[in-house]
Amino acid sequence: QVQLVESGGGLVQPGGSLRLSCAASGSIFSMYAMGWYRQAPGKQRELVATISSGNDTNYADSVKGRFTISRDNAKNTVYLQMNSLKPDDTAAYYCTAQIQIRRYWGQGTQVTVSS
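The structure presented is a predicted model; accordingly, all values stated were derived computationally and were not measured.

A. Molecular detail of the side chain of Arg66. The topology assignment puts Arg66 in the loop between strand 6 (57-59) and strand 7 (67-72). The exposure class assigned to Arg66 is buried, which follows from its relative accessible area of 11%. For Arg66, the side chain forms a polar contact with the main-chain oxygen of Ser62, separated by 2.8 Å. A distance of 2.8 Å separates polar atoms of two side chains, one belonging to Arg66 and the other to Asp89. Not counting residues within four places of it along the chain, the set of residues in contact with Arg66 comprises Gln81, Met82, Asn83, Ser84, Leu85, Lys86 and Asp89.

The following block contains the structure:
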């Protein structure tokens, strides 16, 4: 069984920065892909960024050039560095991992961008 725990959310002003972390724990025996989704009230869940076991990355058009996804395999942790934040980035952010044949989700961390 694997658990994902997110941290790093909070309230920031437009133009500010945050770094989200997602730590995986449990029985992990292989490399795996990880990613971040977000969901704002009244909106559908949106894929923000992904990173493969080989460190290939992909981003939603809305965050390209502002967000960076990275991973530390020794710590089984994925990060999302968010710069130049906009009010439209306000959402609950969820970490996900594809480990062997199963998909795991974190419980989310709230990011609010407001002046």
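Anyway, onward from the coordinates.
B. Geometry of the sheet that holds strand 1 (residues 2-7). Reading across from one edge, 1-3-8-7 is the order of the four strands in this open sheet, with antiparallel pairing throughout. Edge strands, defined here as strands with exactly one partner in the open sheet, are strand 1 and strand 7. Pairwise comparison of adjacent strand axes, ignoring direction, gives a mean angle of 15 degrees for this sheet. Pairing between strand 3 (residues 18-26) and strand 8 (residues 77-82): six bridges, direction antiparallel. If you follow Leu18 over to strand 8, its bridge partner there is Met82.

C. Molecular detail of the state of the cysteines. As enumerated under the stated definition, the model contains one disulfide in all. Linked covalently through their sulfurs, Cys22 and Cys95 form a disulfide whose S-S length is 2.1 Å. Its S-S torsion of approximately -80 degrees makes the covalent link between Cys22 and Cys95 left-handed. Here Cys22 is found in strand 3, whereas its partner Cys95 is found in strand 9 (residues 91-99), with 73 residues between them in sequence. For the pair Cys22 and Cys95, a shared accessibility class is recorded, and that class is buried.

D. View of the pairing of strand 9. Burial analysis of strand 9 places seven of its nine residues in the buried class, the great majority of the element. Here strand 4 (residues 33-39) runs beside strand 9; their pairing, made up of seven bridges, is antiparallel. Within strand 9, the position partnered with Ala33 by the bridge is Gln98. For strand 9 and strand 11 (residues 109-113), the ladder comprises three bridges, and the chain directions are antiparallel. Among the inter-strand pairings, Tyr93 is bridged to a residue of strand 11, identified as Thr109. Pairing between strand 9 and strand 10 (residues 102-105): four bridges, direction antiparallel. Among the inter-strand pairings, Gln98 is bridged to a residue of strand 10, identified as Arg103. Two successive antiparallel strands, strand 9 and strand 10, enclose a turn made up of two residues, where Gln100 displays a positive phi of approximately 55 degrees.

E. Inspection of the pattern of salt bridges at higher detail. Applying the stated criterion to the full structure yields four salt bridges. Residue Glu46 pairs with Arg38 through a salt bridge whose shortest N-O separation is 2.8 Å. Classification of Glu46 by relative accessible area gives partly exposed; the value is 28%. One salt bridge connects Lys64 with Asp61, and the closest N-O pair in it is separated by 3.0 Å. Residue classification places Asp61 among the exposed residues on the basis of a relative accessible area of 63%. Connected through salt bridges with shared partners, the residues Arg38, Glu46, Arg66 and Asp89 form a single ionic network.

Rules of the game
- Residues numbered from 1 in each chain as written.
- Predicted model: local features only at pLDDT ≥ 70, side-chain atom pairs only at ≥ 80, totals over all residues.
- Heavy atoms only, no water.
- Helix = DSSP H or I, 4+ residues; strand = E, 2+ residues; numbered from the N terminus.
- Buried < 20%, exposed > 50% of the residue type's maximum accessible area, 1.4 Å probe, protein only.
- Polar contact = N/O pair within 3.5 Å; in protein donor to acceptor, adjacent residues only side chain to side chain.
- Contact = heavy atoms within 4.5 Å.
- Pairing = 2+ DSSP bridges.
- Axes fitted to C-alpha atoms, helices over the stretch in contact; angles between N-to-C directions.
- Disulfide = S-S within 2.5 Å.
- Salt bridge = Lys/Arg side-chain N within 4 Å of Asp/Glu carboxyl O.

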